[in-house]
Amino acid sequence: RSVPALQRSLELRAVGDNLNARREWFAELAKLPAQQQILAAELAHEHGLLSLGILTANEANAHDHLHLRFPMGFESQFRQAALTSGLPAASLAALARQESAMNHQAKSRADAHGLMQLLPSTAKLVARRHGRTFTNTRSLFDAGVNIDLGSLHLAWLVNRYNGQTPLAYAAYNAGENRVDRWIKDLSGMPIDIWIERIPFRETRNYVKNVLAFRHVYAARLGMALPMLSKTEAHVREP
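Here the structure is a predicted model, which means the values were calculated and not measured. (Residues numbered from 1 in each chain as written. Predicted model: local features only at pLDDT ≥ 70, side-chain atom pairs only at ≥ 80, totals over all residues. Heavy atoms only, no water.)

### Remarks on the overall build of the protein chain
Part 1: For the protein chain, the count of helices and strands is 13 helices and zero strands.
Part 2: When its helices and strands are written in sequence order, the protein chain yields α-α-α-α-α-α-α-α-α-α-α-α-α.
Part 3: Scaling as 2.2 N^0.38, a compact globule of 238 residues should have a C-alpha radius of gyration of about 18 Å, and the protein chain matches this with 19 Å.
Part 4: Its C-alpha atoms give the protein chain principal-axis dimensions of roughly 60 × 40 × 35 Å.
Part 5: Relative to all contacts within the protein chain whose residues are 6 or more apart in sequence, the contacts with residues 24 or more apart total 56%.
Part 6: Accessible surface for the protein chain amounts to roughly 11,800 Å². Of this, 49% is attributable to carbon and sulfur atoms.
Part 7: Side chains of the protein chain give 28 positive and 21 negative charges; the mean places of these two sets differ by 4 Å. (Helix = DSSP H or I, 4+ residues; strand = E, 2+ residues; numbered from the N terminus. Rg over C-alpha atoms; globule rule 2.2 N^0.38 Å. Contact = heavy atoms within 4.5 Å. Areas by Shrake-Rupley, 256 points an atom, 1.4 Å probe, with all protein chains shown as cover. Lys, Arg positive; Asp, Glu negative; His and termini not counted. Charge placed at Lys NZ, Arg CZ, Asp CG, Glu CD.)

So, in C-alpha cells, the structure goes:
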C-alpha cells in the first residue's frame, strides 16, 4: 500500500487530474505481482474509488474477492429506488455495475451519464413520464438522481415486456425497437436460447452479465432471487 506510484495516482485524482491518475495507476499495476494488485484494489476501494477497485481486481484475477468486484456502493440510494420502482435493489445495482462499473462520474462517447449511463434525452423522457423535474444534465452525475431516473426507466421497460427483465435489460442497452424485432414471432422460446440468438454480441454479453451480476448482488444484499423467475423463462411478446 506504500507503492509511491499508486499514492501519486491517488493524489492526482484528488486534484482532478483523472487522466494522468489512471495512466499512472495502471502503468504501475502492470509491474506488480498478483497479491500486490489485490492490495491495490483494496486501496482503491478504501478511498471510495469503486470503479477503480473493480478494474484493478479484474486485472488481478481476484475472482473470490466479491466485495471488490461487486461493491455495494450507493446502497441507500439503490434501496430507495427499489421502493420507488418496485424492482429488486439487486437488479438495479447489477445494471449500474454493468453500465458504469459503479462510477457515478462516468460519461460515454455516446453522451450517456453517470451510474446507470442515461442519455440526457432518456432522462428527460423518464422525468416527464413520472412527474420529475429534470433541467440540468450535470445532475445525472448525482448518484441519487441517476439511480432514481435509471430505475424508473428500467421499471417501465420491465412493465412493457410483461415482467421479463432479460428483455428489459436488452432494451436498456439496445433500445425497444430492436428488441421488438428480435422477439417477433418467437413467443414460447426459452429465454436462454433467445439470449444466445441476440444479433448484437455487445447486447448478448450485456444481458448475460446483468443476470449474473443480479444473482451476486442478491446474495450480497441477503435477498432470495432466482436466476430467472417463472415469468422470465420464455419469451412473451408485449
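### Remarks on the pattern of salt bridges
Part 1: For the coordinates displayed, the defined rule picks out eight salt bridges.
Part 2: Among the salt bridges present, the one from E28 reaches K31, with a minimum N-O distance of 3.8 Å.
Part 3: The exposure class of E28 is buried, given its relative accessible area of 17%.
Part 4: Between D148 and R132 there is a salt bridge, and its shortest N-O distance comes to 2.9 Å. (Salt bridge = Lys/Arg side-chain N within 4 Å of Asp/Glu carboxyl O. Buried < 20%, exposed > 50% of the residue type's maximum accessible area, 1.4 Å probe, protein only.)

### Topic: unusual backbone geometry
Part 1: Phi at Q117 is positive, roughly 50°, even though this residue is not glycine.
Part 2: Positive phi values are uncommon outside glycine, yet D185 reaches one of about 65°.
Part 3: Within the secondary structure, D185 is located in the loop between α11 (176-183) and α12 (191-196).
Part 4: A relative accessible area of 64% places D185 in the exposed class.

### Quick look at the side chain of S100
Part 1: You can see S100 is positioned in helix α7 (residues 89-100).
Part 2: Once residues lying within four places of it in the same chain are set aside, the contact partners of S100 are S51, A106, G114, L115 and Q117.

### Things to note about the nonpolar core
Part 1: Counting 60 residues, the largest nonpolar core has M102, L154, V179 and W194 as the members making the most contacts within it.
Part 2: Of all hydrophobic cores here, the second largest spans 11 residues; its members include L6, L32, L43 and A44. (Core = buried A, V, L, I, M, F, W, Y, C linked by side-chain atoms within 4.5 Å.)

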